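Coordinates in review
Single-letter residue listing:
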Amino acid sequence: MSIDWTKILILCPMNNKMKNIEIFNESKNYMPGGVNSPVRAYKDVDVTPPVIKKGEGAYLYDEDDNKYLDLVGAWGPMILGHCDKDVVDAIKSTAENAIAFGGTTELELKLAKHICTTVDNMEMVRMVNSGTEATMSAARLARGFTGRNKIVKFAGCYHGHFDGFLVSAGSGVLTEGIPGSKGVPEEIIKNTIVAQFNDIENIRYIFEKYGEEIAGVIIEPVSGNMGVVPSEPEFLRELDNLCKKYGALLIFDEVMTGFRVAYKGAQSIYGINPDLITMAKIMGGGLPCGAYGGRRDIMEYLSPVGPVYQAGTMSGNPIVMSAGYATVKKLYENPSYYDYIENLAIKLQKGVEEIAKEKGLPIVVNRFKSMMTIFFNEEGKVKNYDDAKKCDTDLYAKFFKHMISNGIYMSPSQFEAMFLSVKHTEGDIDKFLDIMRKM
Ligand SMILES: *Cc1c(COP(=O)(O)O)cnc(C)c1O
């Protein structure tokens, strides 16, 4: 492999304005690291992040008026592109009359009914405000319903920043190079069992050992938080069998994959019927949202019907419900969107693989429908967390710098998915590839 890194333009800003840097530096005085979520600080790649002013379709604009082709899509939600007219209209018209009541609205019914009637295995749903809240609440519900304490999660899967899930949690935690997080008491973690992703022997062993104590197993059926790593179908099937055999609940964390890999989520592609499903990201149309749902008998264990407590002042907020409804309804009514974005992703994958070959770059592309990750990995495969950890993050950082300084906005971490939207075009993919070819 020979790359002349001296040819690479280093760092934004692309023009001579300084507003990005000024705003970001001042932000550091008032918000830890200048950000409200760690990966945004670009610490790993040593670049000052663009301060984003505006989004339009597949493009973003920063405070220095640089224009970027966006492959982050707010980490998944913006499947319709930025500021889709129907979503904006829904937000505007709702805001005229309803901002927050902390009371019941018909908008909640509209979205809940739409989700329950169009997505499988969602007999009932509870709205919350983030993916973290959804997974944390689903874990509590699984524990309350089964009367057991242990939850199994898989190494490399991320389920938000709930204490009990912050072990081997991929993504942000992996990028920061820490095993989990300070501030998480061991007593909490002791009820979390970390299993190996895509390892049938390992999950069998765990069930043989702890089966009667396991309340639930939570999994990203297609992980997007160690980079994209899909489950192998036999592995998921065996996991489902084991859960049934031992009376543990199977929880699919479809926060990222729901309405993304298919309208009905990854469960519909694998043909598995989880007991509970968590959602967020796309289902709120870009506003703060989350939901968990599933079997009626389990959901009716929730307060006020049942004994498991979970609540939220902002849960089911009218503006969020209307943005979410406008988004999922549009996706439901336009099934061709999914083929369209998948075809773009296929084109992108093929192009990247070709360039990697031409240039002798150690690249593995994992793609599942329209989610993909370009891994800089010498071993030629990424099937689990251990494989992901072997990636060359320095080389990724160089790639990232080259791309962003040429107007391609992508994840500053190796361990994230790239997302396309219905506003991306073949021309955008060509643009990405042309810039990558100059690396
Ligand atoms: C993003 C994500 C979460 C956390 O959602 P937040 O809204 O950031 O709390 C949980 N699970 C998965 C699979 C995710 O991708």
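Parameters at a glance
Here the residue numbers are simple positions, counted from 1 along each chain's written sequence. Since the coordinates come from a predicted model, pLDDT governs what is reported: local features require at least 70, and pairs of side-chain atoms require 80 or more to be given and counted, while whole-chain, interface and lining totals use all residues. Side-chain metrics in this entry use all non-hydrogen atoms of the structure; hydrogen atoms and water are not considered. These domain boundaries are the output of an automatic or database domain assignment. What counts as buried area is the accessible surface, traced by a 1.4 Å probe, that two parts surrender upon association, with contributions from both included. The term salt bridge refers to a pairing of a side-chain nitrogen on Lys or Arg with a carboxyl oxygen on Asp or Glu at a separation within 4 Å. Between N or O atoms, a polar contact is any pair within 3.5 Å; within protein, one atom must be a potential hydrogen donor and the other a potential acceptor, and residues adjacent in sequence are included only when both atoms are from side chains. Between N-to-C directions, angles span 0 to 180 degrees; the directions come from axes that are lines fitted to C-alpha atoms, helices contributing only their stretch in contact. The helix count covers DSSP runs of H or I at least four residues long, the strand count covers runs of E at least two residues long, and both are numbered beginning at the N terminus. By definition in this entry, angles of less than 35 degrees are roughly parallel, angles greater than 145 are roughly antiparallel, angles of 65 to 115 are roughly perpendicular, and the rest are oblique. Helix crossings are classified by the rotation of the near helix relative to the far one: an anticlockwise turn of less than a right angle makes the crossing left-handed, while a clockwise turn makes it right-handed. Whether two residues touch is decided by their heavy atoms; if any such pair falls within 4.5 Å, the residues are in contact. Classification used: nonpolar for Ala, Val, Leu, Ile, Met, Phe, Trp, Tyr, Cys and Pro, charged for Asp, Glu, Lys and Arg, polar for all others including Gly. Each residue is assigned to one of three classes by its accessible area relative to the maximum for its type, calculated with a 1.4 Å probe on protein chains only: buried under 20%, partly exposed between the two thresholds, exposed over 50%. Helix span is expected to be 1.5 Å times the residue number reduced by one. Each C-beta atom gives one direction from the helix axis, and the arc is the one those directions make. Pairing between strands requires that DSSP locate at least two bridges from one strand to the other.

Each assigned domain of the protein is listed with its residue range as follows: domain 1 (5-82 + 336-437) and domain 2 (85-333). If you average the C-alpha positions of domain 1 and of domain 2, the two centres end up 26 Å apart. Regarding the contact of domain 1 and domain 2, the summed buried area is about 3000 Å², with carbon and sulfur atoms giving 66% of it. Summed over the three residues of domain 1 that lose the most area to domain 2, namely Tyr338, Phe368 and Tyr385, the buried surface amounts to 25% of that side. Linking lysine 383 and glutamate 232 is a salt bridge whose minimum nitrogen-to-oxygen distance equals 3.4 Å. Linking domain 1 with domain 2 are nine residue pairs in polar contact (both at pLDDT 80 or more).

A separate point is the packing of helix α12 (residues 336-359) against helix α15 (residues 426-437). For any two helices packed against each other, one specifies the crossing angle of their axes together with the interaxial distance. The contact between α12 and α15 brings their axes to 10 Å, and the two run at 15 degrees. What the angle tells us is that α12 and α15 run roughly parallel. Between α12 and α15 lies a crossing of right-handed hand. Seen from α12, the contacting residues are Leu344, Lys347, Leu348, Gly351, Val352, Glu354, Ile355, Glu358 and Lys359; seen from α15, they are Glu426, Ile429, Asp430, Phe432, Leu433, Met436 and Arg437. Partitioning the contact of α12 with α15 into residue classes produces eight nonpolar, one polar and seven charged.

Our focus in this paragraph is the pattern of salt bridges. According to the stated counting rule, one finds 24 salt bridges in the structure shown. Residue lysine 264 is joined to aspartate 120 by a salt bridge in which the shortest nitrogen-to-oxygen separation is 3.7 Å. Of this pair, lysine 264 sits in the loop between β10 (249-253) and α9 (266-270) while aspartate 120 sits in the loop between α3 (106-118) and β4 (124-128); the two residues are 144 residues apart in sequence, bridging distant segments of the chain. The residue glutamate 379 makes a salt bridge to lysine 390 at a minimum N-O spacing of 3.8 Å. Remark: lysine 390 occurs in the loop between α13 (385-389) and α14 (393-404) and glutamate 379 occurs in the loop between β14 (371-376) and α13; sequence separation between them is eleven residues. Classification of lysine 390 by relative accessible area gives partly exposed; the value is 48%.

Between its terminal C-alpha atoms helix α2 (residues 85-97) stretches 19 Å, which fits the 18 Å expected from 13 residues at 1.5 Å a residue. Listing the buried residues of α2 in full gives Val87, Ala90 and Thr94. End-on view of α2: buried residues confined to an arc of 60 degrees, all on one side of the axis. α2 presents Lys85, Lys92 and Glu96 as exposed residues on the side facing more than 90 degrees away from its buried surface. The backbone nitrogen of aspartate 86 lies 3.1 Å from a side-chain oxygen of the residue at the head of α2, namely aspartate 84.

Here we come to the sheet that holds β14. Spatial ordering of the open sheet is given by β13-β14-β16, a layout of three strands whose pairing is antiparallel. Each edge of the sheet is formed by a strand with only one pairing partner; in this case those strands are β13 (363-368) and β16 (418-419). Summarising the sheet, β14 and β16 pair through two bridges and their orientation is antiparallel. Bridge pairing in β16 links methionine 372 to methionine 418. On top of the sheet, α12 reaches β13, β14 and β16; it is set at about 170 degrees to β13, its chief contact.

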